Amino acid sequence: MEILDYAFMQRALIAALIVGVTAPAIGIYLVQRRQALMGDGIGHVALTGVGLGFLLNTSPIWVATAVAIAGSVVMELIRWYGKTRGDLALAMLFYGGMAGGVMLMNLSDAGSNANLGTYLFGSITTVSPQDMTTIYVLAALVLAITIGLRRQLFAVCQDEEFARVTGLPVRLLNLLVAVTAAVTVTVAMRVVGLLLVSALMVIPVAAAQQISRSFAVTFSVAVAIGVAVTLTGTTTSYYVDVPSGATIVLFAIGLFVIFTGLAAPLAKKRARAAAEASKGCTLEVPGDRPATDDVSVAG
């Protein structure tokens, strides 16, 4: 294939594959916690890290990772202690992160509006060998947590009170989910961009939930969808010359619509199967049973 003849496209496809796996892997826990937009908020904060990286003339990805992790910890603290003013504090954190990133980018000698656009909306063809090393390390960390601690994380995201009763460190695990989401945002920002990364965390999971009812199946289907749309979107962006991030997200939305259309027929099929199974469990009393089997109540 022509697309594989170029080193930058080989890196792009590998990065797309990694992001297609990692984003839904942590996204399923965010959706379970009803925090589908958390990735978007972390993306706003991570932009400050990108700008700071350019200002300090160092790796924007590593600095963005550190800033995103710090921002995710602050978000969790606000969620725990913010109470009625928590939403206002989060809004200021998100918008402040975006404004800080734009300001720092323009103050740096290396930064420019063009650089800002590649991090906001993704530019997968500009992924460098150094970026790939960072992506490998961070993705391995994300997968180790999301797969290795899947039972504990699922319990906490499903019912915090039950998880606390069973002895799980609920706050620590919640913090771990937030930090892992922050790391995933920085892994994916070169592929789909900071403003679109939340979509890749949420949409594949939402699509998988349309046709599956168990956590394990939803996890597997969501990852498969993530891989499919990232690879297809990256390939399409190469041949059609369109932005990779937007293409990937639009493919994901398209699959969500298709899976939603399949959900109703599948639900009817399951209902019929359940009805047939219940018929097989009906007890029938033989008509020629002896009279001694009848139960009478003495007066």
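Only a predicted model underlies this, so the values are computations on that prediction, with no experimental measurement involved.

## Brief notes about the overall build of the protein
Now for step 1: For the protein, the helix and strand inventory stands at 12 helices and zero strands.
Now for step 2: Helices and strands appear in the protein in the N-to-C order α-α-α-α-α-α-α-α-α-α-α-α.
Now for step 3: A total of 299 residues make up the protein; the buried ones form 45% of that total.
Now for step 4: As presented, the protein carries roughly 15,100 Å² of accessible surface, and 66% of it is formed by carbon and sulfur atoms.

## Things to note about unusual backbone geometry
Now for step 1: In this model, Asn 57 sits at a positive phi of 60 degrees, which is unusual for a non-glycine residue.
Now for step 2: The exposure class assigned to Asn 57 is exposed, which follows from its relative accessible area of 68%.
Now for step 3: Although it is not a glycine, Asp 241 adopts a positive phi angle of roughly 60 degrees.
Now for step 4: Tracing the backbone shows Asp 241 in the loop between α11 (215–240) and α12 (244–280).

## Re the packing of aromatic side chains
Now for step 1: Tallied over the full model, the rule gives four aromatic pairs.
Now for step 2: Their ring planes at 45 degrees and their centres at 5.8 Å tell us that Tyr 29 and Phe 215 sit as a pair that is tilted. Residue Tyr 29 is located in helix α1 (residues 7–32), and its partner Phe 215 is located in helix α11; the two are separated by 186 residues in the primary sequence. Phe 215 carries the same exposure label as Tyr 29, and that label is buried.
Now for step 3: Their ring planes at 80 degrees and their centres at 4.9 Å tell us that Tyr 238 and Tyr 239 sit as a pair that is edge-to-face.
Now for step 4: Residue classification places Tyr 238 among the partly exposed positions, given a relative accessible area of 21%.
Now for step 5: Site record: aromatic cluster; members linked through ring pairs are Tyr 29, Phe 154, Phe 215 and Phe 219.

## A few points about helix α7 (residues 150–158)
What sets the pattern is the α-helix's 3.6 residues per turn: residues three or four places apart point alike.
Now for step 1: Among the residues making up α7, those that are buried are Leu 153, Ala 155, Val 156 and Cys 157.
Now for step 2: Elements in contact with the buried residues of α7: α1, α6 (129–148), α8 (160–165) and α9 (170–188).

## Points about the side chain of His 44
Now for step 1: Mapped onto the secondary structure, His 44 falls in helix α2 (residues 38–55).
Now for step 2: Engagement of the side chain of His 44 in a polar contact is seen with the backbone oxygen of Asp 40, the distance being 2.7 Å.
Now for step 3: Once residues within four sequence positions are removed from consideration, His 44 is found in contact with Phe 94, Gly 97, Met 98 and Leu 195.

## Here's the deal with the pattern of salt bridges
Now for step 1: Applying the stated criterion across every chain, the model contains two salt bridges.
Now for step 2: A salt bridge links Arg 33 to Glu 76, with the shortest nitrogen-to-oxygen separation between them at 3.1 Å. Placement of the pair is Arg 33 in the loop between α1 and α2 and Glu 76 in helix α3 (residues 60–81), with a sequence separation of 43 residues. The same class applies to Arg 33 and to Glu 76, which are both buried.
Now for step 3: Note that Arg 164 and Glu 161 form a salt bridge whose closest N and O atoms lie 3.1 Å from each other. Taken as a pair, Arg 164 and Glu 161 lie in helix α8 at a separation of three residues, close to a single helical turn.
Now for step 4: The class for Glu 161 is exposed, based on a relative accessible area of 53%.

Procedures and definitions
- Residues numbered from 1 in each chain as written.
- Predicted model: local features only at pLDDT ≥ 70, side-chain atom pairs only at ≥ 80, totals over all residues.
- Heavy atoms only, no water.
- Helix = DSSP H or I, 4+ residues; strand = E, 2+ residues; numbered from the N terminus.
- Buried < 20%, exposed > 50% of the residue type's maximum accessible area, 1.4 Å probe, protein only.
- Areas by Shrake-Rupley, 256 points an atom, 1.4 Å probe, with all protein chains shown as cover.
- Phe/Tyr/Trp six-rings, centres within 6.5 Å; stacked < 30°, edge-to-face > 60°.
- Contact = heavy atoms within 4.5 Å.
- Polar contact = N/O pair within 3.5 Å; in protein donor to acceptor, adjacent residues only side chain to side chain.
- Salt bridge = Lys/Arg side-chain N within 4 Å of Asp/Glu carboxyl O.

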